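The residues making up each chain are set out below.
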Amino acid sequence: MGETTVTTREGRKEATPSPIAEDRAGRRLRVPRRPRLWFEILLIAVSYYTYSLIRNAVPEQKAQALRNADWIWRAEHSLGIAVEQTINHAANSVSWLIVGMNYYYATLHFVITLGVLVWLFRCHPGRYAATRLALFATTAVALVGYYFYPLAPPRLMGGGHFVDTVAVHQTWGSMASGNLKNMSNQYAAMPSMHIGWSLWCGMTIFALASVPWVRVLGLVYPTLTLVVIVATANHFWLDAVGGVLCLAFGFAVARAWYGALPYALPRLVAPPLVPVKA
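Quick caveat, the model's predicted, so the values are computed rather than measured.

## Digging into the packing of aromatic side chains
Taken as a whole and judged by the stated rule, the model has 8 aromatic pairs. Consider the rings of Tyr 104 and Tyr 221, whose centres lie 6.4 Å apart with planes at 40 degrees: the pair is tilted. Here Tyr 104 is found in helix α4 (residues 95–123), whereas its partner Tyr 221 is found in helix α8 (residues 212–231), with 117 residues between them in sequence. In this structure Tyr 104 comes out as buried when scored by relative accessible area, which is 16%. By relative accessible area, Tyr 221 is classed as buried at 11%. Ring plane angle 90 degrees and centroid distance 6.5 Å describe the contact between Phe 162 and Phe 236, whose orientation is recorded as edge-to-face. Note that Phe 162 is positioned in the loop between α5 (125–148) and α6 (165–169) and Phe 236 in the loop between α8 and α9 (237–258), a separation of 74 residues in sequence. Taken individually, Phe 162 and Phe 236 each receive the classification buried, so the pair is uniform in this respect. Across from the ring centre of Phe 136, 5.7 Å away, lies the NZ or CZ of Arg 132, which sits over that ring.

## Describing the environment of Thr 138
Relative to the helices and strands, Thr 138 is located in helix α5. A relative accessible area of 0% places Thr 138 in the buried class. As a C-alpha pair, Thr 138 and Trp 200 span 62 residues in sequence and 9.2 Å in three-dimensional space. Not counting residues within four places of it along the chain, the set of residues in contact with Thr 138 comprises Met 193, Cys 246, Leu 247 and Gly 250. At a separation of 3.4 Å, a polar atom in the side chain of Thr 138 contacts the main-chain carbonyl oxygen of Cys 246.

## Quick word on the packing of α4 against α5
Pairs of packed helices are described in terms of their axes, by the angle between the two and the distance that separates them. Two numbers describe how α4 lies on α5: the axes approach to 6 Å, and their chain directions differ by 150 degrees. Taken together, the axes of α4 and α5 are roughly antiparallel relative to one another. Of α5, the residues touching α4 (which contributes Thr 113, Leu 117, Leu 120, Phe 121, Arg 122 and Cys 123) are Pro 125, Tyr 128, Thr 131, Arg 132 and Leu 135. Among the residues making up the contact of α4 with α5, the classes are represented as 7 nonpolar, 2 polar and 2 charged.

## Describing the confidence of the model for the protein
Put simply, the protein has an average pLDDT of 83, and 78% of its residues get 70 or more. Residue range residues 1–28 is modelled with pLDDT below 50. Its contacts to residues more than four positions away, or to other chains, number 46 contacts.

How each quantity is defined
Residues numbered from 1 in each chain as written. Predicted model: local features only at pLDDT ≥ 70, side-chain atom pairs only at ≥ 80, totals over all residues. Heavy atoms only, no water. Phe/Tyr/Trp six-rings, centres within 6.5 Å; stacked < 30°, edge-to-face > 60°. Helix = DSSP H or I, 4+ residues; strand = E, 2+ residues; numbered from the N terminus. Buried < 20%, exposed > 50% of the residue type's maximum accessible area, 1.4 Å probe, protein only. Lys NZ or Arg CZ within 6 Å of the ring centre and 35° of its normal. Contact = heavy atoms within 4.5 Å. Polar contact = N/O pair within 3.5 Å; in protein donor to acceptor, adjacent residues only side chain to side chain. Axes fitted to C-alpha atoms, helices over the stretch in contact; angles between N-to-C directions. Parallel < 35°, antiparallel > 145°, perpendicular 65-115°, else oblique. Nonpolar A, V, L, I, M, F, W, Y, C, P; charged D, E, K, R; others polar. pLDDT = per-residue confidence, 0-100.

So, in structure tokens, the structure goes:
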């Protein structure tokens, strides 16, 4: 069951797994197919456009978002982890550092994620679809958080607790500051997709890269991203926790669909062979 008789180049008949195969426990598993470049470009473009459209269509509930931010800030004080203000003010006192962080926040979120997708497509085609599904599911469930839990980022809180580093240093580092603030929902801080995406990148690089120092960079990237989102006052620590939970959901979806975690799948996709009737 779950096998098809095929003829190899040497003329021998062999049994190979069909697109729906079975594991040792008899469960039916979906076998990844070779990704098609044109389809992936179209899919990613349409998916990101749809994500941005839905995210920005969520009503900007300013009053509720600020109340939620106050609650998060008080909760972190109760937990003893409310050090975002200290980090924000310390980073803001070093101009070259905070300006670099602003640009980091604005660019690497997209550049690194697309770079990892391209690397997977080229070097790990058998794992590409499952890993991409984990990323897409992570992003999709984040929209639920944006809709049901509007949250103002720390820099928009009243009381002068935090510094909006983009506005102060007149740099481009947030779609919700300056002239770009009307292009993005300012109160969609929970969960943090900067953390969800960067951790997805880091885990993928660490799990699949063969060069040791590249694997180390995979761990460093989400760690630096966490520091940046806090230092620029774009997120609380708990926003990052929300991003991690969304990523866990994304990998659960990928595992349920393919029957295994993406990194456990074969690196390559076997080329299709011509079936021969018995």
